[in-house]
Amino acid sequence: MRRNKIPPKGFERIERNGKLKMSLPSAQTDIATQATCDDAASCKRYAVQKGYWSDIHINYMVSGSMQKRQPEISRGYYARTEKIWNLISQFVSLTNNLCQIVSFGAGLDTTFWRLHSAGLLPTRYIEVDFQEIVYRKIRAIRNKSPLKGCLGSITSSDQSSLHCEKYHLVTCDLRDTGSLKDKLKSSEVDFSVPTLFLTECVLVYIPPEDSMAILKWCAESFTDAVFVNYEQVRMHDNFGQVMIQNLKARDCLLTGVHPCASLDSQIQRFTSAGWPCVSCDDMWTIYNSLPDRRRIERIELLDESELLQQLMEHYCLCVAVKDVSDIGLTDLHT
Ligand SMILES: C[S@@+](CC[C@H](N)C(=O)[O-])C[C@H]1O[C@@H](n2cnc3c(N)ncnc32)[C@H](O)[C@@H]1O
C-alpha cells in the first residue's frame with residue numbers, strides 16, 4: 001500500500017515518547033471509532049433477539065430502541081460471535097478455568113457475563129477501552145443488578161476503572177503501550193498464567209506500529225498465550241475500498257488497515273511479532289464450518305448469498321499461539 005508522506009485530512013502530527021510518530025487520528029476520529037462499539041453492541045442485540053445465539057445480559061448492557069438489521073449482518077455477527085465463543089470456551093476448559101482473558105477494545109461486549117452463565121469464568125477477565133466507553137460500561141454495570149450481581153465483591157471503583165474479584169475494566173488508549181502495561185499490572189495480570197488476548201474489530205483502528213508493539217509485548221511477556229484477532233481482510237480490492245470509504249464517510253479512518261491486505265499479511269504480522277504458531281481464515285470459510293449454521297439459516301431467509309459471501313470474505317479470524325508449557329493450546333486454531 002502506498003504511504004502518504006503528508007498526513008491525510010483529519011490527522012494531526014504529535015510528539016510521543018520524545019519522538020515524532022506517525023500522525024495520530026484527531027479527536028473527531030477517536031469519537032467515531034468509539035461509536036463503533038454501539039454499532040457492534042446493537043447488531044449483536046438484534047441478532048440475539050432474533051435467536052441467532054443466546055445472551056441474557058445484552059439487553060442490560062445496551063438500551064434504546066431496536067434497529068432492524070439485514071440478515072447478512074446478523075449472520076456475520078453470528079459467525080464472529082460463535083467462533084470466538086468456541087475458542088474462548090475451549091481455552092477456559094483446557095486450562096480448567098485457571099487462566100486469564102484480556103479483551104482489548106472490549107466496547108460493550110458481554111462475553112464475561114456469558115462465561116459466568118456457562119460456569120466458565122477464568123481466574124481473571126480484563127477489559128480495556130477508551131475512557132468514554134469504560135465510563136458508560138461502569139454506569140451500566142452499577143445501575144443493572146443482573147450485570148453487577150455476576151461480579152462478586154468490588155474491590156475498587158471510580159469513573160475510569162472497576163476492579164472486582166475476577167473482573168477488571170480499565171481505561172487506556174491502546175496506542176500508548178507504556179500506559180497499557182501499567183493498566184494491566186493494576187489489574188493484577190499474571191504473566192505465568194495461560195492468557196487469551198482478544199481483539200474483536202479493534203486493531204484496524206490502531207496504527208500498525210502501535211498494534212505491533214502490543215502483539216510483541218504479549219508474545220514476549222506471557223509464557224503461554226493465545227491471541228484471537230477478528231477484523232477486516234482483503235481491503236485492497238474494490239469491495240474493501242468501498243468498505244473503507246463508507247467508514248471514512250462516518251469520520252472513521254482505518255489507520256491500521258495496512259496489515260489487513262490479505263490472510264498472509266495477517267499471519268505475517270503475528271509471526272514477525274514473535275508468535276510461533278499462527279492460523280488465519282476468512283469468515284466465509286469459518287461460517288461454512290460452523291455446525292449450527294443450518295439452524296440459523298432458517299431464522300431469516302436470503303434471496304441470494306452473493307453479498308453474504310463477499311462480506312464474509314472481507315473479514316477474518318487469526319489465532320496465534322505460544323505454548324511453552326505444552327498444555328495443548330496449539331489445538332486452538334481457526
Ligand atoms: C468495533 S468496536 C468493537 C467492540 C467489541 N470488541 C465488540 O466486538 O463488540 C471497537 C472498539 O475498539 C475500541 N478502540 C479502538 N481504538 C482504541 C484505542 N486506541 N484505545 C482503546 N480502545 C480503542 C473502541 O472504543 C471500540 O469500543
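For the structure itself, look to the data block above.
These numbers come from a predicted model, not from an experiment.

## Considering the side chain of Ser74
Thinking step 1. Here Ser74 shows up in helix H3 (residues 71-94).
Thinking step 2. Those residues in contact with Ser74 that sit more than four places away from it in its chain are Tyr46, Ala47, Tyr52, Arg69 and Glu300.

## Re helix H8 (residues 208-221)
Thinking step 1. Over its 14 residues, H8 runs 20 Å from end to end, which matches the ideal 20 Å to within 8%, given 1.5 Å per residue.
Thinking step 2. By the burial criterion, the buried members of H8 are Pro208, Asp210, Ser211, Ile214, Leu215, Trp217, Cys218 and Ala219.

## Quick word on empty space enclosed by the protein
Rolled over the atoms, a probe as big as a water molecule pinpoints where empty space is left.
Thinking step 1. On inspection of all chains with the given rule, the structure shows one cavity of 30 Å³ or more.
Thinking step 2. Its volume calculated, the largest cavity comes out at about 110 Å³.
Thinking step 3. If you go around the largest cavity, you meet 13 residues; those closest to its centre are Lys44, Thr81, Asp109, Thr111 and Arg114.
Thinking step 4. Contributions of two or more residues to the lining of the largest cavity are made by H3 and helix H4 (111-117).
Thinking step 5. Residue contributions to the lining of the largest cavity peak at four residues, all from H3.
Thinking step 6. Residues of the lining of the largest cavity, tallied by class, amount to five nonpolar, three polar and five charged.

## Quick look at the site of the ligand
Thinking step 1. Close contacts around the ligand come from 20 residues, with Lys44, Arg80, Gly105, Asp129 and Leu174 the closest.
Thinking step 2. In this structure, Asp129 approaches the ligand through a side-chain N or O atom, which is 2.6 Å from an oxygen atom.
Thinking step 3. One of the side-chain nitrogen or oxygen atoms of Asp173 is found 3.0 Å away from a nitrogen atom of the ligand.
Thinking step 4. Considered on its own, the ligand offers 590 Å² of accessible surface; in the complex 97% of this is hidden by protein.
Thinking step 5. It is helix H1 (residues 27-50) that contributes the most residues to the shell around the ligand, six residues altogether.
Thinking step 6. Among the residues forming the shell around the ligand, the class breakdown is nine nonpolar, five polar and six charged.

Conventions used here
Residues numbered from 1 in each chain as written. Predicted model: local features only at pLDDT ≥ 70, side-chain atom pairs only at ≥ 80, totals over all residues. Heavy atoms only, no water. Helix = DSSP H or I, 4+ residues; strand = E, 2+ residues; numbered from the N terminus. Contact = heavy atoms within 4.5 Å. Expected span 1.5 Å × (residues − 1). Buried < 20%, exposed > 50% of the residue type's maximum accessible area, 1.4 Å probe, protein only. 1 Å grid on protein atoms, 1.4 Å probe; cavity = no way out; pocket = protein on both sides within 12 Å on 5 of 7 lines; lining within 4 Å. Points joined across faces, edges and corners; volume = space filled by probe spheres on them. Nonpolar A, V, L, I, M, F, W, Y, C, P; charged D, E, K, R; others polar. Near = heavy atom within 4 Å. Polar contact = N/O pair within 3.5 Å; in protein donor to acceptor, adjacent residues only side chain to side chain. Areas by Shrake-Rupley, 256 points an atom, 1.4 Å probe, with all protein chains shown as cover.

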